[in-house]
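# Overview (structure and organization)
Listed below, chain by chain, are the residues.
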Amino acid sequence: MKKLKIVSIIIGVILVVVLAVGGVFAYRTQQALNSLDTNKTSVSQKISQGKPFSILLLGADTGADGRVDRGNSDTMMLLTLNPKKKNTVAYSIPRDALAEMVGDKQKNVQKINAAYNIGLSDMAKNTVGSLLGVPVDYHVAINMDALKKTVDFVGGVTVKSDLKVSFDGVTIPKGTHHLNGKQALTYARMRYQDPRGDYGRQVRQQQVLKAVVAKLESPKYLVKIPDLIKDLGKDISTDLTSKEIDEIILKYHNSADNMDFNQIQGKTAWINQSSYQILPTSTMQNASNNLRDNLGLDPQTLSNTETKLNAKNKKFFASEDDIDYDTFGLDTTHYTDSTY
């Protein structure tokens, strides 16, 4: 079986949430932050001003299976944190979603997970921002080892699986099981055996996330969070500065009170011998409205390459079939197919 190109972004969420609930240990946390790969210059002033902000969490397919290259961001999740509403709204984005690579030299439509490979975090942020009509302020990128280390840090997690999961020499039967780090990584990575595909994998990732966060809230692990951050330093890259992460501790701890996790789901199409997820305009608009609302922004009607292509392919969405390989087409030869 072809090796899966997937990584869980879960630890990126945990980083934000953990720092928010761990303010009482600010001094040791600040020391640990020195191990993270952070920029010295702020890319946004929102955190310093205590305003709602968005952060794109990227899981690059490196750190496992012997991969050491840049990799695609095979897991993408956009979060908005609002301290006044005490609310976090998150949307998982399908790795195979058709999207314009914003910032490329020519018109280029590919699977959205290629944006990070082509133009790193800047292109990934611009591409997601254009797709959903939401300003993307920051990013956190992680590799595969981060999830395994975090699950082991909390002594494993208990999950209830609705199907048998088997990959990379690890098998997790259907039912309730306590997983160690390696098992949790397998549980969060497997895609092809799940009849729901990438969407089923997103559900399992969020399931592991919630289990880890629940354990991290315990004083037993909370006091050790700075040690976890230090250990994960080489596995995390972000454009948040150390000062901004420290400010999250002080200003955004209430944002974790209510966490609303969602999926953006599309319809399968076969374009240039590659399978894509086409996101309906109404689905993207609904996600945009919810994310913008949590940022304190008014709704904005989406008008981008994706909505324009949808308007030219009405027959595709009119079909009642869940999978329709023949009726979605790109309208210019400048668009290229994905090779990922």
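Before any of the text, the structure's been laid out above.
To keep things clear, this report deals only with the structure shown in the data block. Predicted model, so just to flag it, every value in this text is computed and none were measured.

## A word on the packing of aromatic side chains
Under the defined criterion, the tally for this structure stands at three aromatic pairs. Between Phe 53 and Tyr 138, the aromatic rings sit 5.6 Å apart at their centres with planes inclined by 90 degrees, giving edge-to-face as the arrangement. Separated by 85 residues along the polypeptide, Phe 53 in strand 2 (residues 53-60) and Tyr 138 in strand 7 (residues 138-142) bring together distant segments of the chain. Since its relative accessible area comes to 0%, Tyr 138 is described here as buried. With centroids separated by 5.0 Å and ring planes inclined at 80 degrees, the aromatic side chains of Phe 53 and Tyr 252 adopt a geometry described as edge-to-face. With Phe 53 in strand 2 and Tyr 252 in the loop between helix 9 (242-251) and strand 13 (258-263), the pair connects residues that are 199 residues apart, well separated along the chain. Each member of the pair Phe 53 and Tyr 252 is classed as buried. Aromatic ring contacts, followed pair by pair, group Phe 53, Tyr 138 and Tyr 252 into a single cluster.

## Considering the environment of Ile 278
Relative to the helices and strands, Ile 278 is located in strand 15 (residues 274-278). The buried category is assigned to Ile 278, whose relative accessible area is 2%. Remark: the alpha-carbon pair of Ile 278 and Glu 306, spanning 28 residues in sequence, is separated by 8.5 Å. Not counting the four nearest positions on each side in its chain, Ile 278 is found in contact with Leu 98, Gly 266, Lys 267, Ala 269, Ile 271, Asn 310, Phe 316, Phe 317 and Phe 328.

## Some points on the pairing of strand 8 (residues 157-161)
The side-chain alternation of strand 8 yields one buried face, formed by Val 157, Val 159 and Ser 161, and one unburied face, formed by Thr 158 and Lys 160. The pairing of strand 8 with strand 11 (residues 175-179) spans five bridges and is antiparallel. From the neighbouring strand, Val 159 faces strand 11, where its bridge partner is His 177.

Thresholds applied
Residues numbered from 1 in each chain as written. Predicted model: local features only at pLDDT ≥ 70, side-chain atom pairs only at ≥ 80, totals over all residues. Heavy atoms only, no water. Phe/Tyr/Trp six-rings, centres within 6.5 Å; stacked < 30°, edge-to-face > 60°. Helix = DSSP H or I, 4+ residues; strand = E, 2+ residues; numbered from the N terminus. Buried < 20%, exposed > 50% of the residue type's maximum accessible area, 1.4 Å probe, protein only. Contact = heavy atoms within 4.5 Å. Pairing = 2+ DSSP bridges.

Just geometry here; none of it tells us what the structure is for.
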